[in-house]
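Residues per chain are reported as follows:
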Amino acid sequence: MNRNTLKLIAIVAMVIDHVAWAFVPTSSVAGQVMHAIGRLTGPIMFYFIGEGYIHTRSLKNYITRMAIFAAISNFAFGFFQTGELTFFPCSVIFTLLLGILAIHAYNQIQQPTLRWTVIVGLCLLSMLGDWPIIGVVMCLGFYIYRNNFKDMAIFVVICQLVLSLLTMVGPLDERGIYGVVMDNLWGFGVVFVLPLLYSYNGEKGRGKYSNWFFYIFYPLHLFVIGGLRYFILIS
């Protein structure tokens with residue numbers, strides 16, 4: 001599969017995930033399945049941050065474009081989450097921006113202590129956004145292991161296990177640990193990104209404006225789903 005095909009899969013999975021967050025109970029079978037599908041989006045986006053870093057003609061323009069995109073998307077994500085035009089919480093695009101900066105720090109800062117201090121700082125800053133910490137870690141990991149699929153697969157499984165454990169932290173109900181595990185099975189959907197990435201052929205695919213389509217579609221779909229959600233709630 002080429003890059004545009006993978007990005008299209010990510011977009012479809014993202015819409016399914018956000019529709020589920022807006023309208024479907026997470027503990028239901030439908031909610032579990034829809035969120036499991038939605039787990040494909042984040043890793044695909046994180047993977048292509050590394051690809052973008054490698055292939056961009058101008059890193060400065062790439063970072064500037066992502067910063068503007070993140071600012072706009074934060075308002076869309078805030079509206080989706082709260083029904084108000086607020087800059088916080090930040091969207092996953094903010095996390096992607098920090099991922100780019102983490103990769104750049106990894107490449108450019110020669111002193112190990114300073115390098116990892118900056119990367120840890122970026123991870124902590126990502127707690128303001130979606131996919132906190134793990135998103136920045138995955139951007140960096142995908143970049144580091146981009147030429148070794150076996151190591152990449154191990155890395156993804158470890159990230160998935162950590163992510164699943166974090167989502168399971170919370171109060172128990174009458175079902176105990178069993179209930180917590182069953183309500184969070186959707187987190188294991190992350191590992192299903194591996195066959196997709198394994199099938200990636202390294203080609204861009206057709207479509208001159210595909211990148212701009214995603215830049216426009218991401219905040220737009222959040223405004224639409226968020227608007228429908230709060231319209232239904234107040235009706």
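Higher on the page you've got the structure.
The following paragraphs examine the structure supplied in this document. Since we're looking at a predicted model, the values are computed, not measured.

Conventions adopted
Residue positions within a chain follow its written sequence, with the count starting from 1. The predicted nature of this model means local features are confined to residues of pLDDT at least 70 and side-chain atom pairs, given and counted, to a pLDDT of 80 or more, with totals for whole chains, interfaces and linings taken over all residues. In computing side-chain properties, one takes all heavy atoms of the structure into account and sets aside hydrogens as well as water. Residues enter a nonpolar core if they are buried and are Ala, Val, Leu, Ile, Met, Phe, Trp, Tyr or Cys, with the set joined through side-chain atoms within 4.5 Å. Each residue is placed in one exposure class: buried if its accessible area under a 1.4 Å probe, protein chains only, is under 20% of its type's maximum, exposed if it is over 50%, and partly exposed if it falls in between. Helix and strand definitions here come from DSSP, where helices need a minimum of 4 consecutive H or I residues and strands a minimum of 2 consecutive E residues; each element is numbered from the N-terminal end. By the convention used here, residues are in contact when the closest approach between their heavy atoms is within 4.5 Å. Geometry of aromatic contacts follows a simple scheme: Phe, Tyr and Trp rings, the Trp one being its six-membered ring, pair when their centres are within 6.5 Å, and the pair is stacked under 30 degrees between planes, edge-to-face over 60, tilted otherwise. Counted as over-ring charges are cases with an Arg CZ or a Lys NZ within 6 Å of the ring centre that also lie within 35 degrees of the ring normal. Think of a polar contact as two N or O atoms within 3.5 Å of one another; within protein, one of them needs to be a possible hydrogen donor and the other a possible acceptor, and neighboring residues in sequence only count if both atoms come from side chains. Surface patches are defined over residues having more than 30% relative accessible area and no salt bridge, joining like charges when they lie within 9 Å and nonpolar side chains (Val, Leu, Ile, Met, Phe, Trp, Tyr) when within 5 Å. The Shrake-Rupley method, run with a 1.4 Å probe, gives the accessible areas here. Residue values count only the displayed protein chains as cover. For salt bridges, the criterion is a side-chain nitrogen of Lys or Arg within 4 Å of an Asp or Glu carboxyl oxygen. Here an axis means a line fitted to C-alpha atoms, over the contact stretch when the element is a helix, while the angle between two N-to-C directions is reported on a 0 to 180 degree scale. The hand of a helix crossing depends on one turn: near helix anticlockwise from the far one by less than a right angle means left-handed, and clockwise means right-handed. As a working rule, the residues Ala, Val, Leu, Ile, Met, Phe, Trp, Tyr, Cys and Pro are called nonpolar, Asp, Glu, Lys and Arg charged, and the rest polar, with Gly in that last group. Each angle gets one of four labels, with under 35 degrees taken as roughly parallel, over 145 as roughly antiparallel, 65 to 115 as roughly perpendicular, and the rest as oblique.

**A few points about the nonpolar core**
Part 1 of the argument: With 62 residues, the main nonpolar core has M66, I93, M138, F214 and Y218 as its most contacted residues.
Part 2 of the argument: Of all the elements, helix 5 (residues 92–108) adds the most residues to this core, at 10 residues.
Part 3 of the argument: Here M66 is in contact with I49, I93, L96, L97, I100 and Y215, once residues within four sequence places are set aside.

**Description of the packing of aromatic side chains**
Part 1 of the argument: In total, this model carries 20 aromatic pairs according to the counting rule given.
Part 2 of the argument: Ring geometry for W21 versus W186: centroids 5.7 Å apart, planes at 90°, classification edge-to-face. You can see W21 sitting in helix 1 (residues 3–23) and its partner W186 sitting in the loop between helix 9 (177–183) and helix 10 (193–198), a full 165 residues away along the chain.
Part 3 of the argument: Taking relative accessible area as the criterion, W21 reaches 36% and is therefore assigned partly exposed.
Part 4 of the argument: Judged by its relative accessible area of 9%, W186 is buried.
Part 5 of the argument: By way of ring pairs, the aromatic residues Y47, F48, F142, Y145, F155 and Y200 are connected into one cluster.
Part 6 of the argument: In this arrangement the basic side chain of R146 is found over the ring face of Y143, its NZ or CZ atom lying 4.3 Å from the centre.
Part 7 of the argument: The ring of F80 has R229 sitting right over it, with the charged end atom 5.8 Å from the ring centre.

**Brief notes about the side chain of T95**
Part 1 of the argument: Relative to the assigned elements, T95 resides in helix 5.
Part 2 of the argument: Looking at T95, its side chain comes within polar contact range of the main-chain oxygen of D130, at 2.5 Å.
Part 3 of the argument: Leave out the neighbours within four places in its chain, and T95 touches S126, G129, D130, W131, G135 and V136.

**Focus: a nonpolar patch on the surface**
Part 1 of the argument: Taken together, the side chains of F23, I216, L220, V224, L228, F231 and I232 define a hydrophobic patch exposed on the protein surface, amounting to about 690 Å² of accessible area.
Part 2 of the argument: If you tally residues by element for the nonpolar patch, the top one is helix 11 (residues 210–234), at six residues.
Part 3 of the argument: Mapped onto the fold, I232 is located in helix 11.

**A short note on the environment of M34**
Part 1 of the argument: Mapping M34 onto the fold places it in helix 2 (residues 29–38).
Part 2 of the argument: When its relative accessible area of 18% is taken as the criterion, M34 is described as buried.
Part 3 of the argument: Once residues lying within four places of it in the same chain are set aside, the contact partners of M34 are I16, D17, V19, A20 and V24.

**Notes on the side chain of N2**
Part 1 of the argument: Mapping N2 onto the fold places it in the segment before helix 1.
Part 2 of the argument: Looking at N2, its side chain comes within polar contact range of the main-chain nitrogen of N4, at 3.1 Å.
Part 3 of the argument: Once you skip the residues sitting within four places of it in the chain, N2 turns out to touch Y200, N201, E203, K204 and G205.

**Quick word on the packing of helix 1 against helix 2**
Helix packing geometry: the angle between the two helix axes and the distance between the axes.
Part 1 of the argument: Remark: helix 1 packs on helix 2, axes separated minimally by 7 Å, with the N-to-C direction vectors making an angle of 145°. The hand of the helix 1/helix 2 crossing is left-handed. For the pair helix 1 and helix 2, the contacting residues are A13, I16, D17, V19, A20 and W21 in the first and M34, H35, I37 and G38 in the second.
Part 2 of the argument: Class assignment of the residues belonging to the contact of helix 1 with helix 2 gives a composition of seven nonpolar, two polar and one charged.

**Brief notes about the packing of helix 3 (residues 41–55) against helix 5**
Part 1 of the argument: Contact geometry for helix 3 and helix 5: axes closest at 10 Å, N-to-C directions at 45°. In terms of orientation, helix 3 and helix 5 fall into the oblique class. The handedness of the crossing between helix 3 and helix 5 comes out as right-handed. Contacts between helix 3 and helix 5 involve M45, F46, I49, G50 and Y53 from the first element and V92, I93, L96, G99, I100, I103, H104, N107 and Q108 from the second.

In short, shape yes, function no, at least from these values alone.
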